[in-house]
Amino acid sequence: MIRVMLAEDQNLVRGALAALLGLEEDLEIVAEAADGAEAVAVARRVRPDVALLDIEMPGKDGLTAAAEIRAAVPECHVMILTTFGRPGYLRRAMEAGASAFLIKDGPAEQLAAAIRRVVAGERVIDPALAAAALSAGPNPLSQRERDVLTAGAGGATIADIASRLHLSEGTVRNYLSSAITKVGVRNRIEAAQAAERNGWL
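The structure displayed is predicted, hence computed values, not measured ones. (Residues numbered from 1 in each chain as written. Predicted model: local features only at pLDDT ≥ 70, side-chain atom pairs only at ≥ 80, totals over all residues. Heavy atoms only, no water.)

1. Observations regarding the pattern of salt bridges
Operational definition: By definition here, a salt bridge exists when the distance from a side-chain nitrogen of Lys or Arg to a carboxyl oxygen of Asp or Glu is within 4 Å. Starting at the N terminus, helices and strands are each numbered in turn, a helix being any DSSP run of H or I of at least four residues and a strand any DSSP run of E of at least two. Burial here depends on accessible area, computed with a 1.4 Å probe over protein chains only, as a share of the maximum for the residue type. Under 20% is buried, over 50% is exposed, and the range in between is partly exposed.
A complete count under the given rule lists 12 salt bridges for this structure. A salt bridge links Arg-14 to Glu-32; the shortest N-O distance between them is 3.1 Å. You can see Arg-14 sitting in helix α1 (residues 11-22) and its partner Glu-32 sitting in strand β2 (residues 27-33), a full 18 residues away along the chain. In this structure, Glu-24 engages Arg-116 in a salt bridge whose closest nitrogen and oxygen atoms are separated by 2.7 Å. Highlighted residues: Glu-24 in the loop between α1 and β2 and Arg-116 in helix α5 (residues 108-119), separated in sequence by 92 residues. A residue is classified by how much of its surface remains accessible, and Glu-24, at 22% relative accessible area, is partly exposed. On the basis of relative accessible area, Arg-116 is assigned to the partly exposed category, the value being 29%. Each member of the salt-bridge network shares a partner with another, and the members are Glu-8, Asp-54 and Lys-104.

Here it is, written out as structure tokens:
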């Protein structure tokens, strides 16, 4: 029996996934979580064979949770399920130790088959996402540039960003200028939007 934990913030989607996967004779849903922090805590406690994580969850996202679960429960195979086919997400998922990266709208049988393949030691990646990630190339932004763009979301001022990240305002301006140049846009709002669209943040 393959023991599966589901982490998905939308109750309806989580319930549907649990019901569909529960119909498979060799799969057992042993736990569910509604956000990334809960997923990490539950995985530590239950130690599932497979953790099926959504990317977009409140608080701690699925990519952060994936890395923490892999560190805390190394025998657990992490699979990322997403509605967002952003190339940067795939790269970050692989860096976090995920064994699979799949789009949510595939058939349940395909997901069940992917779970079995992952437990058998394979890596399963949606082919269209793999092609998009290869054509997009690597994330051009440094960690600090990503931090500054993320902190600036929602219209935060330079002073707000500097205070939040414990940097000087001049340093924040330098990181923003560098990010804008690398992404090839006109301002920090466009840089943040482009980085978000590509899954770089």
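2. Some points on the pairing of strand β3 (residues 50-54)
Definition in use: Should DSSP find at least two bridges between two strands, the strands are regarded as paired. Call a crossover right-handed when, viewed with both strands pointing away from you, the route from the first strand across the helix to the second goes clockwise.
Summarising burial for β3: 5 of the 5 residues are buried, a large majority. Strand direction decides the pairing type here: strand β1 (residues 2-7) and β3, joined by 4 bridges, are parallel. Across the sheet, the residue bridging to Val-4 is Val-50, located in β3. Note: β3 against strand β4 (residues 77-82), 5 bridges, orientation parallel. Looking at β4, one finds that Ala-51 is bridged to Val-78. In this view, the connection linking β3 to its parallel neighbour β4 by way of helix α3 (residues 62-72) has right-handed handedness.

3. Comments concerning the nonpolar core
Across soluble globular proteins, nonpolar side chains show a tendency to be buried alongside one another. Formally: Nine residue types can take part in a nonpolar core, namely buried Ala, Val, Leu, Ile, Met, Phe, Trp, Tyr and Cys, and a core is a set of them joined through side-chain atoms within 4.5 Å. Between two residues, a contact is recorded if the distance between any of their heavy atoms is within 4.5 Å.
Counting 29 residues, the largest nonpolar core has Met-5, Leu-53, Ile-69, Val-78, Ile-80 and Phe-101 as its most contacted members. Where this core is concerned, the elements lending two or more residues are β1, β2, α2 (36-46), β3, α3, β4 and α4 (87-95). Among the elements that take part in this core, α2 stands out by supplying 5 residues, more than any other. Discounting residues that sit within four places of it in the chain, Leu-53 has contacts with Met-5, Ala-7, Ala-39, Gly-62, Ala-65, Ala-66, Ile-69, Val-78, Met-79, Ile-80 and Leu-81.

4. Thoughts on the environment of Glu-56
Counted only if it meets this: Throughout this description, a polar contact denotes any pair of N or O atoms lying within 3.5 Å of each other; where both atoms belong to protein, one of them has to be capable of donating a hydrogen while the other can accept it, and for residues adjacent in sequence the pair is counted only when both atoms sit in side chains.
Note that Glu-56 resides in the loop between β3 and α3. On the basis of relative accessible area, Glu-56 is assigned to the partly exposed category, the value being 31%. For the pair Glu-56 and Gly-155, spaced 99 residues apart in the sequence, the C-alpha separation amounts to 21 Å. A distance of 2.8 Å separates polar atoms of two side chains, one belonging to Glu-56 and the other to Tyr-89.

5. Topic: the environment of Ala-151
For Ala-151, the position within the fold is in helix α7 (residues 143-151). Along the primary structure Ala-151 and Leu-102 are separated by 49 residues, whereas in three dimensions their C-alpha atoms are 29 Å apart. Other than its neighbours up to four places away in sequence, Ala-151 contacts Ala-156, Ile-161, Arg-164 and Leu-165.

6. What to know about the packing of α7 against helix α9 (residues 169-183)
Put simply, the rule is: Only the contacting stretch of a helix is used when fitting its axis, a line to C-alpha atoms as for every element, and angles between N-to-C directions run 0 to 180 degrees. An angle below 35 degrees is read as roughly parallel, one above 145 as roughly antiparallel, one from 65 to 115 as roughly perpendicular, and any other as oblique. Residues are grouped as follows: Ala, Val, Leu, Ile, Met, Phe, Trp, Tyr, Cys and Pro are nonpolar; Asp, Glu, Lys and Arg are charged; all remaining types, including Gly, are polar.
Close contact between α7 and α9 brings their axes to 9 Å; oriented N to C, the two are set at 100°. One element, α7, and the other, α9, form an angle in the roughly perpendicular class. Judged by residue contacts, Arg-144, Glu-145, Val-148 and Leu-149 of α7 engage Val-172, Tyr-175, Leu-176, Ser-178, Ala-179 and Lys-182 from α9. Looking at the contact of α7 with α9 residue by residue, the class counts come to 6 nonpolar, 1 polar and 3 charged.

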